[in-house]
Structure formats: C-alpha cells, structure tokens
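Structural characterization, general
Given next are the chains, with one letter for each unit.
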Amino acid sequence: MCNISSRFYFLVLPAILALFIMPSHLSAESKLSSSLLQKLKVVDSTSLMEVIFMVNDNQAQLNLRKDLSLNYKSKAERHQAEIQGLQEIARESQTDLNLELNRLALTGKAENIKSHWLINALSGRIQAAELGRLADRVDILAIVPSLKVSAIEPSASAVFSPGKITSGVESNLDSIGADSAWSMGLTGQGRIVCSFDAGVEGNHPALSANWKGNDGNHEAAWYDPLDGESFPHTLVEAGGSRHHGTHTMGIMIGHDDISGDTIGVAPGAQWISAAVIDLPYVSLIEAFEWAADPDGDPNTFEDVPDVINHSWGIPNEDIGCNEFLRELIDNTESLGIVNIFAAGNFGPAASSITSPANLALDSLDGFAVGALNHETNAIAYESSRGPSDCDGVSIKPNVVAPGYFIRSAYNGDYAELTGTSMASPHVAGAVAILRQYSPQATPNKIKEALLASCKPLDDGSSVPNNTFGWGLINIPAALAYLTPATGPDLKLYSFENSLVLPGETARGMVYLKNLGADAGNVYGEVSAYDPGLTVPTLSLAFGNIDSGQVAGSALPLAVEVHDTVSPGRILAITVTLSADGGYATTTKIFIRTAAPKLSGNPDFYTLQTGRLDFTVTNFGQYGFGTEAFFPLGLSGFSFDGGPNDLYEAAFLIGSDAAHVSDGARNFAAEPDNDFAVSSDGELIIVAPGNLAPVETSSAFDDSFAENPLGLKIEQKTYNWDFPPDDNFVILEYIFENNSFSSLNDISAGLLFDWDIVSSGQNGGGYIDAEQLAFMYFSPVSGSNRDYRGLAVLNAEGVAACTSWVNQGSLVRTEIEKYASMADGNLQAYFGGRNDYAMIISTGTFSLLPGQKDTAVFAVVAAPSLAELRAAAISARNKYQSVTDIAENDPSILPEKFQLYQNYPNPFNPITTLEFSLKTRAEIRLEIFNILGEKVHTLVDEKLAAGNYRVAWDGTDNRGRNLSSGIYLAALTVSGQHQVRKMVLLK
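Residues numbered from 1 in each chain as written. Predicted model: local features only at pLDDT ≥ 70, side-chain atom pairs only at ≥ 80, totals over all residues. Heavy atoms only, no water.

**Notes on the overall build of the protein chain**
Test applied: Each helix is a run of H or I in the DSSP string that is no shorter than four residues. Each strand is a run of E no shorter than two, and both are numbered from the N terminus. Throughout this description, buried means an accessible area under 20% of the type-specific maximum (1.4 Å probe, protein chains only), exposed means over 50%, and partly exposed covers the range between. Every residue pair with non-hydrogen atoms within 4.5 Å of one another is taken to be in contact. To measure how exposed things are, a 1.4 Å probe is used in the Shrake-Rupley method; for residues, cover is taken only from the protein chains shown.
Broken down by element type, the protein chain carries 17 helices and 54 strands. Residues classed as buried in the protein chain amount to 58% of the 986 residues present. Once local pairs closer than 6 in sequence are excluded, the contacts in the protein chain between residues at least 24 apart make up 72%. Looking at the protein chain as shown, the accessible area adds up to about 37,200 Å², and 50% of this sits on carbon and sulfur atoms.

Following this line, the structure appears as structure tokens:
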C-alpha cells in the first residue's frame, strides 16, 4: 500500500488558501493577471479583449461546500443543493457588475456578456481601456484572459492496428486489472463517463452502442457549441486533434458488440462528451457547467457523469496555477464528479506537468496521470515529470497508467497512439468501475482508493516520486479499499393500473426504485389491505435491484375491488418488502375506484397556463404527480418547467371537530374518503370559457363522511395563459346545504403539503395584506426562493393559517384538521428548513337549508416573495374583474388614472408596472420599442376601479427574448394615454 499525503492538506490548507484568495482591497493593477497586463501593453486601447471577471462573494462558495459536506450524504441531494446554491450565490453577487458590463455593451465598449455559476464569474469582450477602471471595483477579485485549451498531442504518430487480438484481453487492460473487475461483474454498468475533447465519432462500432444519447435526449449527452449538431462527430476545425477524442473515449469504454473487440476499461459504462478542445470561440467554463448538469435540471441526477477525462492542457506561461481553474474543478467535484487529467508530454524535464494537472494543494489535487510503458514498466520518455511548478515541492504525477502504443478507436478504424492523453482515460474508466461498486463514494474517496492501491514502480528513488507518482493503478486493489453503500433503500415507484371501476380488477406491474446499495432477492408480501378489496396476489418477486435502478415485479399484482365499494374511494394495500441481509421495510399501494364514464369527461385534468401545470379532480383532491403520496404520473404542481412541488393537496370543510369532511390523509396515513362524485359531477372542461380561456366545473358531496354535513360542493376552476395572469389558477367552491337543518360556523379550507425542491428545506408564513399563505425553498446557502402559495379571494377573508412539521408522513386527526381551520391563528412565520404542510381557511359561513355560499382560493407561484405577492394581487384583481362582484371602498379609490414608473429600471429580466383606475374602464397596457413598433400587449380588457400591478419579462407577444435597449410602456384609458420609458439591460 502507498503512503497517502492527503492528510497534509488539512494542516496547510488555510495557509495556502490565503495565498490564492485575493482580498477585495488589492490595487487595480494587482487584480489584472500578469499575462493580461502583457497583452494590454501591445493592444490598442479600443480593442475588445476576451476576459473573465472573478467576482467577490466573500468565500460564499467555499462556505457552501463546507455546509454541503456536513448536511448531505446522498450524491443526488448534494448535487441538487449545490447547483441551486451556486446559482443563487452568482445571482446575488453579480447583479451590479452585470449591470455595469451591459451598460458598456450599450455604448459598444463590450459585447457577449455571459454570467457563470459553477465559478462566480462573468465573461465577455471588453474594451481594453475599461479594464483598469473595472479592476477598481470591490466586487471584482481578479481579471484574467479567456483561455484556449489544446489537446495534449500524442508523442508518436498513429500506427493503424485494425485487427483485434485473437485471445485474452489487451495487455494494457490486463496490466491494471480491468479484466479481474469484469470477472466480478464490474464493467461500469449504470455509470457515465465524460470527455472534454475535440469531438467523438458517434457512429464508430466500438462507441455507438454506449452513447447515452441513444435514450433520445441528445442535449444531455453531446455538447457542441461550435456546430450545434445533435449527433457526436469529429470537427475539422480541431485540425490534427480531430480524432483525438475518439481514441481517448475508446480507451474508457470501447467495445464492439458484433466483433467482440473490447478496447475499453469500462465497457459497460455509457459516455457523453463536450467538443471544446482545439476549437475557436468555445468556453471551457460553459463546458464544465454543462457537464455538471447536462440536462439543465438540478433535480435529476441520472444524467450527471461520474468522471470527466481531460486529455488537454494549457501552457503554464499562459495560466500558471490560476485559482479560477481550481474553483471549476473543486465545484465540479463537490457535485460528485471526479476529474482526471493527463500530465502532459513535455518530459523528461522536471516540473513539466501541464496546467491544470499541476495544481497541488494536496495529493488529490489536479489528479495527474503519467504515461507508462506497461510492457517494461518504464516511464514513457516524454511523459511530464514533477514536482509541481505551483509550489516546487508537491509530487507529480499522482499516478501512472498505460500510455505506450495503446490500441483504440481512430478515424472509423483502430490505431495505436502514445502519450499521457492515452494514460488518463485508463484512470477515468477505472473510476466508472469503482463507482459501480460504491455509488456514493465521493471524488476524494475514489482518488484515495486509487492512490492507496497503486503498484509502486521503483526507478531507484523513493516512492512516491516525481516520475511515477504513487505508481500504477490497480483496479482490484482499489475496489478492496472502498466500502460499498451500507444497505438497500427500496421505494414504491409506480403501480401501472391503480384506477379501476367497482366490481372490476386492477392488474398491473409494481415498480420499485432502489435508492441505496444493491439489493438481492427483493420480495414483497401483502400484509394488510382494505376490507373493500380482495388481493389474490399475496406475494411479489423483484429479483435483484441494483443501486439507483428501477425494477418491476416478475408477475403483475391483481387487486379485486368489491362491487359494493362506492366510486371515488381510495383503498390501501400494505406491502412488506425484504431483501438479502435482513433488509425489511413497508410501503403502501393505493387503489382509486373510478365512476363509469357517460360523457367521456375525465376525473383528472391538468390546468396549464404556460408557466404552471396543476392537476385537479372532481373529488376534492389534487396533485397525483411523481413522488406524491399517490403517484399517478400526472403533473401535480409544477412551475416554469420544474419538477412536481406538491406531495398532497385536498379541500376541507367543517362546522365542528365531529363534522369535518375532507380528502386529506388521516391519522392512519390514508386519505379520508369523505367526498363522493355527485351524479352530475363529471369534470367538464370549457375552452374558451365565459370568464377565462379555460374553465372546469365538477361537483361532489360529503356523503362518504363518517358524520356528513349534507353539503354538495360545486368546484370551478379558472386559468389564463398570458401575463401577468399566468402564474396562478383560481379554485372556486360553491357549497349548498342539502340537509334539513341550518349549518353554522362553517369553515372551508385547503391543505397543501408542498415539497419545494427538497422537502426538508422548506419554510413559509402568512401575509395579511394579500391574504396569502406561502412556502419557499430554503437552501443551505443563499437566499430563499421558489415561492408557492394560497390566497383567499372571497370577501370573508382568511379565518386561519396553520402549518406543522411532517413526521415521516402527513397525518392529521379530524380534531387537528378542524382546529387548523377554525382557531383563528394566523401563523406569520412557519420557520425554515424543515418539511412543512399548511392549511389556510376562510369563513365562517352559515347556511339555511337550500342556501349556498362561496369560498375562493388562488394557487400562486413565483421565484421570489415580491413576485408571489404580485401574483396574489393579480389573482384578486382578475377574479373581481371577471366576476364583477367587488367594488373597492370609495375612500381608497384612486383619484385619477395613473401609470407609474416601472421598477426596477433598468431591469433584467423582469420589471413591474403599476397603474391605477378611478372608474371601471376598458384599458390597454402595451410595450413599444424605440421605433414605435408594438412588441407586447400586457393587458387589453375591462377592469374595475383600483390599483393594479403587472410584470413584464422582456419578451414579445410570441415569447421571444427582446434585445437590450429602451422600451416604452403605454397605458390607454378611454382614449387618454400615459407613457413611461424603460431600459432593458442584458
């Protein structure tokens, strides 16, 4: 075993960081990199320079990584939380500088301004004369030139080698024990490798079958900023490096299913690639950001690579040991991605390791791979040597791997190449195998395993040394060093046929997802079920379910629903799951009984505004999205294309603790089935509707309740698909007393169990001015965001607003439900960073027999609290204007019509316009460009007297982003006009 010096890291890191992190009080000249200062001496002052501005965030990124290491053990949760945290840090700290650079762009002194989040930086082309002035800003840490990265060229010409070996495995693969890992069933199956290179032949027979883009999502598998094509290919612009990426990818995963030719270390892994090396006008930062989140959705993790192979480098005289490259690498590895670098082909000179493989805070930093002649165990002559030139003492390379005449894919065929570019893919492929064995292993743990298990190679000097590093990688020994995940974690993923008529049989496959370690011989036993069900299938076999995988039962589950069961009921089955090693857990499968269809109208319908999707039903329950308590695969509630935010939602109505009718789950963690679809209660969709572009109507009663109130509830919904009314939907409940007695002290409410981004990191509160209960995502670092809420719109206003922390699952007794609706408590603050649910209610109401009354709620969503409050106001204004039921108090009516100046101004990307109307009137609020051309109509309708607020996101009527410039907002009321000037900056 090799001695690991990584512990040295913890002793010296604070001192070393002090050398790298620039305080904000440094002089302007000291913030300009030496290479940039040299360029400024020889260029015209009006020349546009491609530069990167490192932004001062007071070490917020470093603090974020520390918080995440303490609070997140799952790679998936950590990935999600860090991306959101980094993006929030960038938004908060870049605002002022972004505005300044965009102002320069308006005057022609800057162009192509881009914001980055993986490192806190802005990039662009800036006039040379402006750089000194900008460097004086306290929010800038450093200014460095944009960099061109080049492939580390092979040290010998390609030798074509088309024929596969006749027996055994390639000697380079045998020398690192790849074949021994394969015999253990470890081929990299289920893992993803990534390369930054000069393109890859996607149709090469050794590569085509393993491209991840075969799943249909090419954008998450191929990053091509130059051509923008959807299929991987080599790029002629890369010149002599054109086939470099094909060769390196073949070493990682290459195999031909037809011929059996295996050239890759991890032939079971999938691959993705970014074409960014030796190409003009491409950004290394953007490539890292793509690899960190290939599908652009931080809530998904299956698309994120386990490792990135970097067979490229930057001349040290151009970059040295620059801190921004370290931040790119560190932040990527905090997201769970291992970075492996070729050491360079500039040997045998000492300190010839190329950047960023020369980074050397500790033995795991800038993980550099030297090239070995695996036949003789001699170092390749041109393989770069240490020590690192960053400090003159740190040992480099970190490890060596075969890099001498390595056979791999090349230009539609096969060829042998030599160099460290061929060595590092061996290590990247090894990472895929290690991750298959231990999916939750951190990048540092993976690299520690590689170092600790290496085979020392002695050239007469002590080991480790600056020729071989710690030695030749040894995959079987590295596997022995790692500890796999401790146990399975099985969750219900879906049941195919969970909606069935009374008297019929629900039959379908049950699917489980394993969030933990591999599970062997997974078995499910039906342990309890509702009396209204007969379950002939009492056991389910799932076989083995690997970590992160979804598996279905070997046979379908059959569930007979008794013909005596009323339509609309939700019935539960409890299944006890077990696996090898004594693992056991329980899960519930829910069966919903449907009503016979007469008109073909659905029981479920998803309201869509263009910004939000919200699934409603005709039985007082809502949601049913992925990861909900009852996952039917519907939309649940999603905003701006995001994931489902809603675990459970239901309508409640009651007059006392003994008379509560609702659809929310009870103390047994099963839904109360108090509402039955009325005989005329089919869910009907009308588009366009009388009051809104899309309206629905349905009806249910509380005849299933243990103590019915005797109410029939007509449910109506309204939604609009244009701003500012596209971030809310309105739910209207008209309840009628069908009993023979008066009903008094009735409260009506909505229960919403929001799980926004991460259920354990939510907070919330209540704002009386907008009659608004809200919740938000509270990240580990950065500001609260992603607000969701419920506003009461009817005249009675809010009766109560209550929240509670879910303990494992949402459970409320009837007493607790009624108290939450009727106790008059208005909980201004829910707290933060926990798993909350909430009830907001209105009332009270009194109904004589046959009498009706109405409760109205808006479900609203926005990125910020200010925008959420504006959405609640817009919902109230819209409901009042279309129903024509409300006249504002004359004492607070505006004295005249008025269009106020937008705020913020200048803005990017959203601004708010407010206007006032003295009387009800037809109005138009329109946006014009500086040429007088109309680009967007925000409002064109009759509105009641009052004060209004409208948001504009800088798009035209077709949703296209408009360019920076001056725009005019014009309000027209009864032939009179008012105009305000606005500035859009990007």
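**Observations regarding the nonpolar core**
What counts here: Working definition of a nonpolar core: buried Ala, Val, Leu, Ile, Met, Phe, Trp, Tyr and Cys residues. They are joined through side-chain atoms within 4.5 Å.
The biggest cluster of nonpolar side chains holds 109 residues, and the ones touching the most others in it are Val 193, Phe 196, Phe 324, Val 427, Ile 433, Leu 450 and Ile 475. Considering every element that reaches this core, the biggest residue donor is helix H13 (residues 420–437), with 8 residues. For Leu 450, the residues in contact, after removing those within four places along its chain, are Phe 367, Val 427, Ala 430, Val 431, Leu 434, Ile 473 and Ala 478. Counting residues in hydrophobic clusters, the runner-up holds 47 residues, among them Phe 614, Phe 651, Cys 801 and Val 859.

**Topic: the environment of Asn 794**
For clarity, the cut-off: Think of a polar contact as two N or O atoms within 3.5 Å of one another; within protein, one of them needs to be a possible hydrogen donor and the other a possible acceptor, and neighboring residues in sequence only count if both atoms come from side chains.
Locating Asn 794 in the fold gives a position in the loop between strand E43 (785–792) and strand E44 (798–805). Asn 794 sits 62 residues away from Glu 732 along the chain, and the two C-alpha atoms are 9.2 Å apart. Not counting the four nearest positions on each side in its chain, Asn 794 is found in contact with Thr 842, Phe 845, Thr 854, Ala 855 and Val 856. Separated by 2.9 Å, the side chains of Asn 794 and Glu 796 make a polar contact. A distance of 2.8 Å separates polar atoms of two side chains, one belonging to Asn 794 and the other to Thr 842.

**Details of the side chain of Lys 878**
Within the secondary structure, Lys 878 is located in helix H17 (residues 865–883). A polar contact of 3.1 Å, which involves the side chain of Lys 878, links it to the side chain of Asp 725. Among residues more than four places away in sequence, those in contact with Lys 878 are Trp 720, Phe 722, Asp 725, Phe 728 and Glu 941.

**Some thoughts on the sheet that holds strand E1 (residues 48–55)**
Definition in use: At least two DSSP bridges between two strands are needed for those strands to be called paired. To obtain an axis, a line is fitted to C-alpha atoms, over the contacting stretch when the element is a helix, and the angle between two such axes runs from 0 to 180 degrees between their N-to-C directions.
What the 4 strands build is an open sheet, ordered E2-E3-E1-E4; its pairing is antiparallel. At either end of the open sheet lies a strand with only one pairing partner, and these are strand E2 (110–116) and strand E4 (140–145). With strand direction ignored, the average angle separating the axes of adjacent strands in the sheet is 25°. Both E1 and strand E3 (residues 121–127) contribute to a ladder of 7 bridges, which runs antiparallel. Along E3, the bridge assignment pairs Leu 48 with Gln 127. Along the sheet, helix H6 (residues 128–135) makes contact with E1, E3 and E4, crossing E3 at roughly 135°.

**Examining helix H9 (residues 244–253)**
Taken across its 10 residues, H9 has 10 buried, putting it largely inside the fold. For H9, the set of buried residues is His 244, Gly 245, Thr 246, His 247, Thr 248, Met 249, Gly 250, Ile 251, Met 252 and Ile 253.

**Notes on helix H16 (residues 814–822)**
What counts, and what does not: Along the arc lie the directions from the helix axis toward the C-beta atoms.
Those residues of H16 not exposed but buried are Lys 817, Tyr 818, Ser 820 and Met 821. One side of H16 carries all its buried residues, which in axial view fall inside an arc of 160°. Contact partners of the buried residues in H16: strand E33 (646–656), strand E34 (659–662), strand E40 (743–754), E44 and strand E46 (836–847). At the C-terminal side of H16, Gly 824 shows a positive phi close to 75°.

**Describing the pairing of E44**
Among the 8 residues in E44, 7 count as buried, and that is most of the element. Direction of pairing for E44 relative to E46: antiparallel, over a ladder of 7 bridges. Directly across from Cys 801, in E46, lies its bridge partner Ile 840.

**Remarks on the pattern of salt bridges**
Counted only if it meets this: The term salt bridge refers to a side-chain nitrogen of Lys or Arg lying within 4 Å of a carboxyl oxygen of Asp or Glu.
Scanning the model with the defined rule gives 28 salt bridges in all. The shortest N-O distance in the salt bridge between Arg 133 and Glu 100 comes to 2.9 Å. On the criterion of sequence distance, the pair formed by Arg 133 in helix H6 and Glu 100 in helix H5 (residues 75–106) is long-range, its members being 33 residues apart. The exposure class of Arg 133 is partly exposed, given its relative accessible area of 39%. Note that Asp 365 and Arg 326 form a salt bridge whose closest N and O atoms lie 2.5 Å from each other. With Asp 365 in the loop between strand E12 (338–342) and strand E13 (368–373) and Arg 326 in helix H12 (residues 323–334), this pair connects stretches of sequence that are 39 residues apart. Asp 365 sits in the buried class, given a relative accessible area of 8%. Overlapping salt bridges bring together Glu 100, Arg 103, Lys 109, Glu 130 and Arg 133 as one network.

**Brief notes about the side chain of Asp 306**
Of note, Asp 306 is situated in the loop between helix H10 (284–292) and strand E10 (307–310). A distance of 3.1 Å separates a polar atom in the side chain of Asp 306 from a polar atom in the side chain of Arg 435.

**Points about the packing of H13 against helix H14 (residues 443–452)**
Where we set the bar: Oblique is the label for any angle not under 35 degrees, not over 145, and not in the 65 to 115 range, which are roughly parallel, roughly antiparallel and roughly perpendicular in turn. In this scheme the crossing of two helices becomes right-handed for a clockwise turn of the near helix relative to the far one and left-handed for an anticlockwise turn of less than a right angle. Only Asp, Glu, Lys and Arg are considered charged, only Ala, Val, Leu, Ile, Met, Phe, Trp, Tyr, Cys and Pro nonpolar, and every remaining residue, Gly among them, polar.
Two numbers describe how H13 lies on H14: the axes approach to 11 Å, and their chain directions differ by 115°. With respect to their mutual orientation, H13 and H14 come out roughly perpendicular. The two elements H13 and H14 cross, and the hand of that crossing is right-handed. Taking contact as the criterion, the partners of Val 427, Ala 430, Val 431, Leu 434 and Arg 435 in H13 are, on H14, Pro 443, Ile 446 and Leu 450. Per-class residue counts for the contact of H13 with H14 are 7 nonpolar, no polar and 1 charged.

**Thoughts on a nonpolar patch on the surface**
What counts here: Think of a patch as exposed residues, more than 30% relative accessible area, with no salt bridge, where like charges cluster within 9 Å and nonpolar side chains (Val, Leu, Ile, Met, Phe, Trp, Tyr) cluster within 5 Å.
Taken together, the side chains of Val 159, Tyr 404 and Phe 405 make up a nonpolar region of the molecular surface, amounting to roughly 230 Å² of accessible area. Mapped onto the fold, Val 159 is located in strand E6 (residues 156–160). When its relative accessible area of 36% is taken as the criterion, Val 159 is described as partly exposed.

**Notes on the sheet that holds strand E17 (residues 413–418)**
One open sheet holds the 3 strands; their spatial order is E6-E17-E16, and the pairing between them is antiparallel. The two strands at the open ends of the sheet, each matched to only one other strand, are E6 and strand E16 (406–410). Taking each pair of neighbouring strands and ignoring which way they run, the sheet shows an average axis angle of 35°. In terms of strand pairing, E16 meets E17 through 5 bridges, oriented antiparallel. Within the sheet, the bridge partner assigned to Tyr 410 lies in E17 and is Asp 413. Across the face of the sheet, H9 comes into contact with E16 and E17 while running at roughly 120° to E16.

**Let's talk about unusual backbone geometry**
In this chain, Ala 687 is followed by Pro 688 through a cis amide linkage whose omega measures 0°. A cis amide bond links Gly 843 to the next residue, Thr 844, at an omega of 0°. In this fold, Thr 844 is placed in strand E46. Even without glycine at this site, Asn 411 takes up a positive phi of about 50°. Tracing the chain through its elements places Asn 411 in the loop between E16 and E17. Here the phi dihedral of Asp 786 falls at roughly 55°; this positive angle occurs in a residue that is not glycine. Residue position: Asp 786 is located in strand E43.

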